[in-house]
Amino acid sequence: MKNKLLLRGKILAFVSLTVLASTAFSKNTDTRIQIAFLNTQNDKEIATILDSYPVTPTAGFMWVEGLSGTHRTYEDLGSEKFIQEARIQTIIFLKNGLIAHRTHIKKMLDKHSKNELVENKQLLSQARSLLNLTQQFSNALQAASSDQPLIYGLELMGESHILEQVRTASKVSSSKTVGEITANNQEDNYESLKPAFYKSEFKDQSIQSASPEKIYELLHTANLRSRKGDS
């Protein structure tokens, strides 16, 4: 599995992180490009890049703790508002994902006894996966909430000659021109720009190596945190 905010083939599936604004960009002949950096940039660095050129951000590509996704807007928010919204929506998404995973843990504990969980290999595999995802979402939520860098790439709209200048900026590691973005091709457009080391799967080794009895204990701990509202 490729760990993304769009999770497929796992216990839970989420829609990609996309914000649809009420006011669409007016139709024009401006070009759109997508650019990527060698790693995630902090919010001030992203603002500096956006404010250095007369361009409009239309999407931001985020990565945090092995989870990645897209924040897309269809109105000209300005760089500061765009960056704020990208972080806010990421935090909301991660909170909802953490709640959902912990809800599944509670259902598993309610449905199966300790003996069933520790003796059934399939249930144990599901439990490890749930615990791994829960830990991943918890780590990501803490990182996103503490202003750690999130954005590794941007989609920008502007005049062709300006966008060519952006492509050659010192922080830009790769870029591509894109046509009209649709729900079916968003992932294909930006995935190829993601730094290779951001594509590896998150695995908590303490969970992977835990004994069946320890897995059962960790399920209860996660369930207790859920009741307390801990992240």
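As a reminder, the structure under discussion sits directly above these lines.
This report concerns the structure included in the present document. Position labels on residues start from 1 in each chain and follow its written sequence. The predicted nature of this model means local features are confined to residues of pLDDT at least 70 and side-chain atom pairs, given and counted, to a pLDDT of 80 or more, with totals for whole chains, interfaces and linings taken over all residues. Water and hydrogen atoms were dropped before computing side-chain values, which therefore reflect all heavy atoms in the structure.

## Re the layout of surface pockets
Site definitions follow a grid-based scheme: protein atoms alone, a 1 Å grid, a 1.4 Å probe that fits but cannot get out for cavities, and for pockets an open set with protein on both sides within 12 Å along at least five of seven lines, plus lining residues having an atom within 4 Å of a point. Grid points are joined across faces, edges and corners, and a volume is the space filled by probe spheres set on the points. Of the volumes computed, that of the second largest pocket is approximately 230 Å³. Around the second largest pocket sit 14 residues that line it, and Leu-131, Gln-135, Leu-218, Ala-222 and Arg-225 are the ones nearest its centre. Secondary structure is summarised from DSSP: a helix means a run of H or I of at least four residues, a strand means a run of E of at least two, and numbering begins at the N terminus for each. Broken down by secondary-structure element, the contributors of at least two residues to the lining of the second largest pocket are helix H4 (121-145), helix H7 (205-208) and helix H8 (212-228). With five residues, the top contributor of residues to the lining of the second largest pocket is H4. Partitioning the lining of the second largest pocket into residue classes produces four nonpolar, seven polar and three charged. When residues are grouped by polarity, Ala, Val, Leu, Ile, Met, Phe, Trp, Tyr, Cys and Pro land in nonpolar, Asp, Glu, Lys and Arg in charged, and all others, Gly among them, in polar.

## Overview of the pattern of salt bridges
Opposite charge on two side chains permits them to pair, given that their charged atoms come into close proximity. Throughout this description, the term salt bridge denotes a Lys or Arg side-chain nitrogen within 4 Å of a carboxyl oxygen of Asp or Glu. With the rule as written, the count across this model stands at nine salt bridges. Close ionic contact of Glu-45 with Lys-171 constitutes a salt bridge, the shortest N to O distance being 3.9 Å. Of the two residues, Glu-45 is situated in helix H1 (residues 43-51) and Lys-171 in the loop between helix H5 (160-167) and strand E5 (172-178); the sequence distance between them amounts to 126 residues. Only protein chains enter the area calculation, which uses a 1.4 Å probe; residues under 20% of their type maximum are buried, those over 50% are exposed, and those in between are partly exposed. Residue Lys-171 is classed as partly exposed on the basis of its relative accessible area, which comes to 39%. Across the salt bridge formed by Asp-147 and Arg-87, the nearest N and O atoms sit 4.0 Å from each other. Of the two residues, Asp-147 is situated in the loop between H4 and strand E4 (151-158) and Arg-87 in helix H2 (residues 79-111); the sequence distance between them amounts to 60 residues.

## Examining unusual backbone geometry
For Glu-65, which is not glycine, the phi dihedral falls at a positive 50°. Mapped onto the fold, Glu-65 is located in the loop between strand E2 (56-64) and strand E3 (67-72). For Glu-65, a relative accessible area of 30% puts it in the partly exposed group. The residue Asp-147 is not glycine, and still its phi comes out positive at about 65°.

## Let's talk about the sheet that holds E5
By the convention used here, strands pair only if DSSP detects at least 2 bridges between them. Read from one edge of the open sheet, five strands run E3-E2-E4-E1-E5, paired in antiparallel fashion. Looking along the sheet, the strands with just one partner apiece sit at the ends: E3 and E5. The sheet shows a mean angle of 20° between the axes of neighbouring strands, direction not considered. Two elements, E2 and E4, share six bridges in a ladder whose sense is antiparallel. Counted as the bridge partner of Thr-56 is Met-157 from E4. Sheet strands touched by H1: strand E1 (31-41), E2 and E4. Its angle to E1, the strand with the most contacts, is close to 150°. Pairs of residues are marked as contacts when any of their non-hydrogen atoms sit within 4.5 Å. To define axes, lines are fitted to C-alpha atoms, for helices over the stretch in contact only, and angles between the resulting N-to-C directions are given on a 0 to 180 degree scale. Most of the contacts of H5 go to E1, to which it runs at about 15°, and overall it touches E1, E4 and E5.

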